[in-house]
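An overview of the molecular structure
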Amino acid sequence: MHGEGREQIGIESDGEAAAEVRASADAADADGSVDEDDSVDRHIARWRHMAPFDERVEGIVTRIQMLTKHLAQVKGRALAEVGLQPFEFDTLHRLASRGVPYRATPSELAAELMVSPAGITGRLDTLEEAGSIRRIRGTEDRRRVDVELTDSGRARWTAAMKLLDRAERAMVGPLGETDQDVLLALLKRMLLRVENGG
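What counts, and at which threshold
- Residues numbered from 1 in each chain as written.
- Predicted model: local features only at pLDDT ≥ 70, side-chain atom pairs only at ≥ 80, totals over all residues.
- Heavy atoms only, no water.
- Core = buried A, V, L, I, M, F, W, Y, C linked by side-chain atoms within 4.5 Å.
- Buried < 20%, exposed > 50% of the residue type's maximum accessible area, 1.4 Å probe, protein only.
- Helix = DSSP H or I, 4+ residues; strand = E, 2+ residues; numbered from the N terminus.
- Contact = heavy atoms within 4.5 Å.
- Pairing = 2+ DSSP bridges.
- pLDDT = per-residue confidence, 0-100.
- Salt bridge = Lys/Arg side-chain N within 4 Å of Asp/Glu carboxyl O.

Considering the nonpolar core
Judged by nonpolar contacts, the single largest core of 24 residues is most densely connected at Leu84, Phe89, Leu92, Leu95, Leu109, Ile133 and Leu149. Mapped onto this core, the elements with two or more residues apiece are helix H3 (55–81), helix H4 (86–96), helix H5 (106–113), helix H6 (117–129), strand S3 (145–149) and helix H7 (151–172). It is H7 that contributes the most residues to this core, five residues altogether. Among all residues touching Leu84, those that are not within four sequence positions of it are Leu79, Phe89, Leu92, Arg156 and Ala160.

Written out as structure tokens, the structure is:
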């Protein structure tokens, strides 16, 4: 039922993804009308009287799915704009989240990213070749290896984060601050129910 070159990158990116995000943000500044049918309204109308479902619940869940799908597509374009694959961004993101000096062991990254040791090795090989990370052997224990985010890797991660931030702002843009606060509280209530096994 529900819808489904490796050079250092500058902090500001003015490519196609950035232009698309800015255009979406500009469009979101205009007052949108909830009286206009969207794709979910049409989806519900097609299935009305044909399948057992609550139209209100269907509308909520399907719109969440559609927005999630849209955000995933925008994320993919934003990462492509800065020359990153999703797995590369996720790995850089984990390192960046640790703060200075942006280091972790391969096993720590594998656990956080839920990939196998062989999988994390392949990721790190790709990122090291691109100059986004470096491997550092321990001075006292040569068997210990730390993975460190390079300046180039942090610049690429930051460029991607800026594009993603713009995309998220554009999506939430039709809502004023009060509506955003209400939506935030409602989504949190729903997530807590799910996380607590409800």
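Digging into the pairing of S3
Most of S3 is tucked away: five of the five residues are buried. Burial of the side chains of S3 extends over both faces: Val145, Val147 and Leu149 are buried on one face and Asp146 and Glu148 on the other. Sheet topology note: the strand S1 (residues 103–104)/S3 ladder contains two bridges and is antiparallel. By the bridge assignment, Ala104 is partnered in S3 with Val147. Relative to S3, strand S2 (residues 133–137) is paired through five bridges, and the arrangement is antiparallel. Its bridge partner being in S3, Ile133 is matched across the sheet by Leu149.

A short note on the confidence of the model for the protein
A residue-level look at the protein finds 81% of positions with pLDDT of 70 or above and a mean pLDDT of 84. The low-confidence segment residues 3–14, where pLDDT is below 50, has 29 contacts with residues more than four positions distant or belonging to other chains. In the model, residues 20–30 has pLDDT below 50 throughout and makes 14 contacts with residues more than four positions away in sequence or in other chains.

Some details on the pattern of salt bridges
Using the criterion set out here, one finds 12 salt bridges in the structure. Across the pair Glu108 and Arg98 runs a salt bridge, and its minimum N-O distance is 3.8 Å. With Glu108 in helix H5 and Arg98 in the loop between H4 and S1, the pair connects residues that are 10 residues apart, well separated along the chain. Note that Glu112 is salt-bridged to Arg98, the shortest N-O span being 2.5 Å. Here Arg98 lies in the loop between H4 and S1 and Glu112 lies in helix H5, a separation of 14 residues in the sequence. On the accessibility criterion, Glu112 (30% relative accessible area) is partly exposed. Linked by salt bridges that have partners in common, Asp38, Asp41 and Arg63 make up one network.

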